[in-house]
Amino acid sequence: QVQLVESGGGLVQAGGSLSLSCAASGSLFSINAMGWYRQAPGKQRELVATTASGGSTNYADSVKGRFTISRDNAQNTVWLQMNSLKPEDTAVYYCKADVRERRLTAYRDYWGQGTQVTVSS
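Values in this document were obtained by computation on a predicted structure and should not be read as measured data.

1. Considering the nonpolar core
One finds W36, V48, F67, L80, M82 and Y93 to be the most contacted residues of the largest nonpolar core, which totals 31 residues. Of all the elements in the fold, those that place two or more residues in this core are β1 (2-8), β3 (18-26), β4 (28-39), β5 (46-51), β7 (67-72), β8 (77-82), β9 (91-101) and β11 (115-120). A per-element tally of this core places β9 first, with 5 residues.

Pasting the structure below:
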């Protein structure tokens, strides 16, 4: 089994910053893409940012220039630095990792439990 444990999040005023982290642990062999998604009340879950094992990154247009995703492959950890936060960034943020477990050959997606980010105006 593989676990993704998120930390960070909370309440911040508009224009402020927050940092999220997500660490993968368990019987994992390797990780391909890692990323962050978010879901606001009444809306579908959406991509925020992803990073491949080689370091390439992809961002939603709504967060480009404000959010930065990074990862440490040795620590199986991904971070999301969020600056210039806006009220519309309010959502539950989820970490996702594309993981190959030991003794298996296929990769599958694992999700974290989610962490609340609230931006007040």
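2. Structural notes on the pairing of β5
Pairing between β4 and β5: 5 bridges, direction antiparallel. Across the sheet, the residue bridging to Y37 is L47, located in β5. Hairpin connection of β4 to β5: 6 residues between the antiparallel strands, including G42 at a positive phi of 75 degrees. Between the antiparallel neighbours β5 and strand β6 (residues 57-59) lie 5 residues, among them G55 with a positive phi of about 110 degrees.

3. Quick word on the packing of aromatic side chains
The full count for this structure, using the stated rule, is 2 aromatic pairs. Consider the rings of Y37 and W111, whose centres lie 5.2 Å apart with planes at 65 degrees: the pair is edge-to-face. Placement of the pair is Y37 in strand β4 and W111 in strand β10 (residues 107-111), with a sequence separation of 74 residues. Here the aromatic rings of Y94 and W111 are separated by 6.4 Å at their centres, their planes lie at 80 degrees, and the arrangement is edge-to-face. Of the two residues, Y94 sits in strand β9 while W111 sits in strand β10, which places them 17 residues apart along the sequence. Taking the relative accessible area as the measure of exposure, Y94 reaches 15% and is therefore buried. Assessed through its relative accessible area of 37%, W111 is described here as partly exposed. Cluster of aromatic residues (ring-pair linked, three or more members): Y37, Y94 and W111.

Rules and cut-offs
Residues numbered from 1 in each chain as written. Predicted model: local features only at pLDDT ≥ 70, side-chain atom pairs only at ≥ 80, totals over all residues. Heavy atoms only, no water. Core = buried A, V, L, I, M, F, W, Y, C linked by side-chain atoms within 4.5 Å. Buried < 20%, exposed > 50% of the residue type's maximum accessible area, 1.4 Å probe, protein only. Helix = DSSP H or I, 4+ residues; strand = E, 2+ residues; numbered from the N terminus. Pairing = 2+ DSSP bridges. Phe/Tyr/Trp six-rings, centres within 6.5 Å; stacked < 30°, edge-to-face > 60°.

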